[in-house]
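Chain residues, written in single-letter form:
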Amino acid sequence: KTAEPTEPIKEINGSWKIVSALRNGTNMTGRFDFSRFRITFSGNTYSISNPVPFIQAGDGTWTFDDPSYPFKMNFQAHGDTLKSAEIQYPVKNGIRNIVISFSPGCAANTYQYTLEKEN
């Protein structure tokens, strides 16, 4: 009997930068300076430096909806309510990315950021 293939745990610890930004499907990458934004994951916590419009305004904790096959990432800033973002975890040009889609509050605006891990 062959074992079921297993999905590797999504390793996201480290500092991530925005390499692509869409708002309502329109590419905003060149219209706004995203170059200084960083989100750093360490265990189940995250911290943000040089904020841009994001699902949460401050630092806090995060979880996947399912550790093996995550489709959502939950963010809870200190003192704020839990908010969920849809995620994808593609490999592009041999580099793992996180694609995160969310609405920061106003349902009329949706953002999609492609994050790439810094070396």
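Each value, and the rule that gives it
Residues numbered from 1 in each chain as written. Predicted model: local features only at pLDDT ≥ 70, side-chain atom pairs only at ≥ 80, totals over all residues. Heavy atoms only, no water. Helix = DSSP H or I, 4+ residues; strand = E, 2+ residues; numbered from the N terminus. Polar contact = N/O pair within 3.5 Å; in protein donor to acceptor, adjacent residues only side chain to side chain. Contact = heavy atoms within 4.5 Å. Core = buried A, V, L, I, M, F, W, Y, C linked by side-chain atoms within 4.5 Å. Buried < 20%, exposed > 50% of the residue type's maximum accessible area, 1.4 Å probe, protein only. Pairing = 2+ DSSP bridges. Salt bridge = Lys/Arg side-chain N within 4 Å of Asp/Glu carboxyl O.

A. Local environment of the side chain of Gln 56. Among the structural elements, Gln 56 can be located in the loop between strand S4 (45-49) and strand S5 (60-64). Within polar-contact distance, the side chain of Gln 56 engages the backbone oxygen of Phe 75 at 3.0 Å. Ignoring sequence-local partners within four residues, the contact set of Gln 56 consists of Tyr 46, Ile 48, Phe 75, Gln 76, Ala 77, Asp 80, Thr 81, Leu 82 and Lys 83.

B. Focus on the nonpolar core. Of all hydrophobic cores here, the largest spans 28 residues; its most connected members are Ile 39, Phe 54, Phe 75 and Tyr 113. At the level of secondary structure, the elements contributing two or more residues to this core comprise strand S1 (14-23), strand S3 (38-42), S4, S5, strand S6 (72-77), strand S7 (83-88), strand S9 (95-102) and strand S10 (111-117). Excluding its chain neighbours within four sequence positions, the residues that come into contact with Phe 54 are Phe 37, Ile 39, Ile 48, Phe 75, Ile 100, Phe 102, Pro 104 and Tyr 113.

C. Focus on the pairing of S5. Here S4 runs beside S5; their pairing, made up of two bridges, is antiparallel. Within the sheet, the bridge partner assigned to Thr 45 lies in S5 and is Thr 61. Sheet analysis places S5 next to S6, joined by five bridges and oriented antiparallel. Its bridge partner being in S6, Gly 60 is matched across the sheet by Ala 77.

D. Quick peek at the pairing of S3. Pairing analysis gives three bridges linking S1 to S3, with the strands arranged antiparallel. Across the sheet, Gly 14 pairs through a bridge with Phe 41, a residue of S3. Sheet topology note: the S3/S4 ladder contains five bridges and is antiparallel. Among the inter-strand pairings, Thr 40 is bridged to a residue of S4, identified as Ser 47.

E. The arrangement of the side chain of Asn 74 in detail. With respect to the helices and strands, the residue Asn 74 is situated in strand S6. Within polar-contact distance, the side chain of Asn 74 engages the side chain of Ser 84 at 2.4 Å. Those residues in contact with Asn 74, other than ones at most four positions away along the chain, are Thr 61, Trp 62, Thr 63, Phe 64, Asp 65, Leu 82, Lys 83 and Ser 84.

F. Expanded view of the environment of Lys 83. Relative to the elements of secondary structure, Lys 83 occurs in strand S7. Taking C-alpha positions, Lys 83 is 9.0 Å from Phe 102, a pair spaced 19 residues apart along the chain.

G. Local environment of the pattern of salt bridges. What the rule picks out here adds up to three salt bridges. Salt-bridge contacts for Arg 38 lead to Glu 118; the nearest nitrogen and oxygen are separated by 2.9 Å. Taken together, the residues Arg 38 in strand S3 and Glu 118 in the segment after S10 connect sequence positions 80 residues apart. For the salt bridge of Lys 83 with Asp 80, the shortest nitrogen-to-oxygen distance reads 3.7 Å. In this structure Asp 80 comes out as partly exposed when scored by relative accessible area, which is 33%.

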